[in-house]
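# An overview of the molecular structure
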Amino acid sequence: MRIEPLVATEGNHNLSDYEKTYANFNWENVNEAFSWHETGKVNMAYEAIDRHAESSKANRTALYFEDADRKESYTFQDMKSLTNKAANVFKEQSSIQKGDRLFIFMPRSPELYFALLGAIKMGAVAGTLFEAFMEVAIYDRLLDSEAKVLVTTKALLERVPVEKLPHLEKIFIIGEDVVESETTIDFNKEFANARDQFDIEWVDLEDGLVLHYTSGSTGKPKGILHVHNAMIQQYQTGKWVLDLKDDDIYWCTADPGWVTGTAYGIFAPWLHGISMLVVGGRFSPQNWYGALQNYKVSVWYSAPTAFRMLMGAGNHVLEDYDLSSLRHVLSVGEPLNPEVVKWGNEVLHQRIHDTWWMTETGAQMICNYPSMMIKPGSMGKPVPGVTATIVDDQGIEVPPFTMGNLAIKKGWPSMMRQIWNNKAKYDSCFMNEEWYVSGDSAYMDDDGYFWFQGRIDDVIMTAGERVGPFEVESKILEHPAVLEAGVIGKPDPIRGEIIKAFISLKEGIEPSEELEAAIKLFVKTGLAAHAAPREIEFKEKLPKTRSGKIMRRVLKAWELDLPTGDLSTIGDD
Ligand code: 6R9
């Protein structure tokens, strides 16, 4: 199945001449888009907000926010004042300094955006946490990052083990009826009284901007540090890949707890001074179609799981809505199945453009551009300025149609600069000093399109979220009935994968439905709802290597009814 290119939209924003641009492009060309090109001083929040507030865009709506309780909008001028106020609150009420970590743990609300950009204005590194995280997940991240300040709500604070976090100095609570203490501050009260003028902390392009924790196959989640320099690629991909134009209304459905929700849910659109929509609350097809219609969204960035849920709701739901403002739709996070691309064509009357990238890459890397022919099932081609290839396990490039490690040549602008507190892990992501190895397997065809094949490690992608099996296994093991646990991703038509746990029980404990439900709940309340296994299978014994590692490969083969392959390393058979 081949889908013909869209007629290239006018203007010079899109990549209508991809090959030529690719051959001639240099990231230096982008620098002129920013004020620091002249002043030498940089701050992402200035480029994304204040710069527009000081231009003819001052009264343009920067943010439309809607959830079940609130419907608000803020201009770039408003955003400048409100982020200044947030910056003043943090500066006056804590000892936080440039480079210190400030974490935000709350559902989407306008205050989340004020706080995050306020933190950046004062030079802090902003960390984000999904609202769904439970105690262990929060503890691991705040401890590892040595976060000094946390911004949260009263309800969510109950999940923060404050007494076990020695570096945490101040907690700002957003909401009503806040009981203040030496460490706990009523954000809204301080915010109301704060000055709306602030002297931005000017930083270097290589200074820290955001810290996103993400899961690997082993060990605790890794803190991926991005720096202000990421703006170069976030801006440029906003232009080429999101195809943003001045009068667009843009909606990225991702939560800022995920890298997509900061890079493309804050920075890219606002670096372009575009009006952006944020919808809080839970997903429902009616809410989402309603938002697309009511805000006249023209550019929409979402994920395969969401598209599949919309598909699943039935095409008749769409009949009540007018989506005629839509002109460009994009997807990220998991493989975009050809059926979904087909649904987009037939039902949304839009080609869904897949984009591939990772927390570690900081911005889009391999994409389908508006001007390009889409091959359904392919992630597209590298962004100009990015060199992608497939290498074997020795780091040697392989010919087209050969499966191998998807690798990116080191040195793109938004590349992660550190894995927090873990230089060895950071270094291990690069092969032969030259290639960043993504952990995905893929092949390239003879037109230079990349085709995703799977994760090389055991990382699970469920509903677009990256879940490390190790984290889930560790939590399950804390349950008093459990002896051992192995967790895999099981293919699922809606969610991509679901989490399945194989569990052996302690001596004398019998499997039961009640126990199964109890273990699921234990993970849900102890780690995160999205990390809880949807399926559990009890086994007498789990397959292990001689060194005692549970062989997830074998669990997966059991699940998929595949041959289990070489079991010679199994210890106790
Ligand atoms: C931005 C983001 C990264 C992993 C990545 C890959 C999977 C992302 C994809 C895709 C197939 C795509 N992934 N985009 N797989 N097609 N278009 O998703 O970051 O949460 O770090 O996940 O997601 O496996 O390695 P992150």
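Residues numbered from 1 in each chain as written. Predicted model: local features only at pLDDT ≥ 70, side-chain atom pairs only at ≥ 80, totals over all residues. Heavy atoms only, no water.

## Let's talk about the overall build of the protein chain
A tally of helices and strands in the protein chain yields 17 helices and 27 strands. Taking 573 residues into account, the globule formula puts the C-alpha radius of gyration at 25 Å, and the protein chain, at 24 Å, falls close to it. Once the C-alpha set of the protein chain is aligned to its principal axes, its extents read approximately 70 × 60 × 55 Å. Taken over 573 residues, the protein chain has a buried fraction of 59%. Just so you have it, the protein chain exposes about 23,300 Å², and 48% of that area is on carbon and sulfur atoms. Placing the 58 positive and 83 negative side-chain charges of the protein chain at their respective mean positions leaves the two points 1 Å apart. (Helix = DSSP H or I, 4+ residues; strand = E, 2+ residues; numbered from the N terminus. Rg over C-alpha atoms; globule rule 2.2 N^0.38 Å. Buried < 20%, exposed > 50% of the residue type's maximum accessible area, 1.4 Å probe, protein only. Areas by Shrake-Rupley, 256 points an atom, 1.4 Å probe, with all protein chains shown as cover. Lys, Arg positive; Asp, Glu negative; His and termini not counted. Charge placed at Lys NZ, Arg CZ, Asp CG, Glu CD.)

## Observations concerning the domain arrangement of the protein chain
Domain parsing of the protein chain yields domain 1 (1–33 + 230–260 + 268–447), domain 2 (36–227) and domain 3 (459–560). Listed by partner, the interface residues are 17 residues for domain 2 and 17 residues for domain 3. Interface area for domain 2 against domain 3, summed over the two sides, is near 1,200 Å², with a carbon-plus-sulfur share of 54%. Linking domain 2 to domain 3 there are 1 salt bridge. A salt bridge links arginine 141 to glutamate 471; the nearest nitrogen and oxygen atoms lie 3.4 Å apart. Viewed at the interface, domain 3 and domain 2 are joined by 4 residue pairs in polar contact (both at pLDDT 80 or more). (Domains from an automatic or database assignment. Contact = heavy atoms within 4.5 Å. Buried area = accessible area lost by both parts, 1.4 Å probe. Salt bridge = Lys/Arg side-chain N within 4 Å of Asp/Glu carboxyl O. Polar contact = N/O pair within 3.5 Å; in protein donor to acceptor, adjacent residues only side chain to side chain.)

## Looking at the environment of alanine 303
Checked against the element boundaries, alanine 303 lands in the loop between strand S12 (299–302) and helix H12 (304–313). Taking relative accessible area as the criterion, alanine 303 reaches 13% and is therefore assigned buried. Each C-alpha atom, one on alanine 303 and one on alanine 463, is 8.3 Å from the other, the two residues being 160 residues apart in sequence. Alanine 303 has contacts with Ser331, Val332 and Glu334, leaving out every residue within four places of it along the chain.

## Concerning the sheet that holds strand S14 (residues 352–356)
Sheets are built from strands that pair by backbone hydrogen bonding, the pairs being arranged parallel or antiparallel. Strand order in the open sheet made by the 9 strands is S2-S1-S11-S10-S12-S13-S14-S15-S16, with mixed pairing throughout. The open sheet has two edge strands, strand S2 (71–75) and strand S16 (381–382), and neither has a second partner. Where S12 lies against strand S13 (residues 328–331), 4 bridges are found, and the strand directions are parallel. Along S13, the bridge assignment pairs valine 299 with histidine 328. On the sheet, helix H10 (residues 259–271) packs against strand S1 (61–66), strand S10 (249–252), strand S11 (275–279) and S12 and is oriented at approximately 165° with respect to S10. (Pairing = 2+ DSSP bridges. Axes fitted to C-alpha atoms, helices over the stretch in contact; angles between N-to-C directions.)

## Brief notes about the pairing of S10
Of the two faces of S10, the one holding Ile249 and Trp251 and the one holding Tyr250 and Cys252 are both buried throughout. Strand direction decides the pairing type here: S10 and S11, joined by 3 bridges, are parallel. Note on S11: the bridge partner recorded for isoleucine 249 is serine 275. Read as a crossover between parallel neighbours, the route from S10 over H10 to S11 is right-handed. Pairing of S10 with S12, which is carried by 3 bridges, proceeds in the parallel orientation. Residue pairing for S12: tryptophan 251 is matched across the bridge by tryptophan 300. (Right-handed = clockwise from strand over helix to strand, strands pointing away.)

## Digging into the sheet that holds strand S9 (residues 222–227)
A sheet is described by the order of its strands in space; here 8 strands give the open sequence S7-S6-S5-S3-S4-S8-S9-S19, paired in mixed fashion. Every interior strand has two partners, whereas the edge strands, strand S7 (184–186) and strand S19 (418–419), have only one. Sheet topology note: the strand S6 (residues 170–174)/S7 ladder contains 3 bridges and is parallel. Within S7, the residue paired with isoleucine 173 across the bridge is aspartate 186.

## Things to note about the site of the ligand
Every one of the 19 residues lining the ligand counts as a neighbour, but Asp354, Thr355, Thr359, Arg455 and Arg466 are closest to it. Here threonine 355 contributes a backbone N or O atom positioned 2.8 Å from a nitrogen atom of the ligand. Measuring from an oxygen atom of the ligand, one finds a side-chain N or O atom of threonine 359 at 2.5 Å. Taken together, the elements giving at least two residues each to the shell around the ligand come down to H10, S14 and strand S22 (450–455). In terms of residues, the shell around the ligand owes the most to one element, S14, which gives 3 residues. Of the residues belonging to the shell around the ligand, the class tally is 10 nonpolar, 4 polar and 5 charged. (Near = heavy atom within 4 Å. Nonpolar A, V, L, I, M, F, W, Y, C, P; charged D, E, K, R; others polar.)

## Quick word on the layout of surface pockets
Which parts of space are left empty comes out when a probe the size of a water molecule is rolled across the atoms. Of the volumes computed, that of the largest pocket is approximately 1,700 Å³. If you trace the largest pocket, you find 49 residues lining it, with Arg108, Gly281, Arg282, Phe283 and Glu465 closest to the centre. Looking at the lining of the largest pocket, the elements with two or more residues in it are S12, H12, strand S26 (496–505) and helix H16 (513–526). Looking at which element gives the most residues to the lining of the largest pocket, the answer is H12, with 3 residues. Here the residues of the lining of the largest pocket are counted per class, giving 24 nonpolar, 12 polar and 13 charged. (1 Å grid on protein atoms, 1.4 Å probe; cavity = no way out; pocket = protein on both sides within 12 Å on 5 of 7 lines; lining within 4 Å. Points joined across faces, edges and corners; volume = space filled by probe spheres on them.)

## Let's talk about the packing of aromatic side chains
Under the definition given, this model contains 31 aromatic pairs. Here tyrosine 264 and tyrosine 301 contribute two aromatic rings whose centre-to-centre distance is 5.8 Å and whose plane-to-plane angle is 80°, an arrangement assigned as edge-to-face. Of this pair, tyrosine 264 sits in helix H10 while tyrosine 301 is found in strand S12, placing the two residues 37 residues apart along the sequence. Taken as a pair, tyrosine 264 and tyrosine 301 share a single burial class, namely buried. Look at tyrosine 443 and tryptophan 451: their rings are 6.2 Å apart centre to centre, the planes differ by 5°, and that puts the pair in the stacked class. Above the ring of tyrosine 139, the side-chain terminus of lysine 164 is found at 4.8 Å from the ring centroid. Above the plane of the ring of tyrosine 449 lies lysine 375, whose end atom (NZ or CZ) is 4.5 Å from the centre. (Phe/Tyr/Trp six-rings, centres within 6.5 Å; stacked < 30°, edge-to-face > 60°. Lys NZ or Arg CZ within 6 Å of the ring centre and 35° of its normal.)

## Section: the packing of helix H3 (residues 44–53) against helix H5 (residues 110–121)
H5 packs onto H3 with a crossing angle of 125° between their chain directions and a minimal axis gap of 8 Å. Classified by the angle between their axes, H3 and H5 sit oblique to one another. H3 and H5 meet at a crossing whose hand is left-handed. Between H3 and H5, the contacting residues are Met44, Ala45, Ile49 and Asp50 on the first element and Leu117, Ile120 and Lys121 on the second. (Parallel < 35°, antiparallel > 145°, perpendicular 65-115°, else oblique. Left-handed = near helix turned anticlockwise from the far one by under 90°.)

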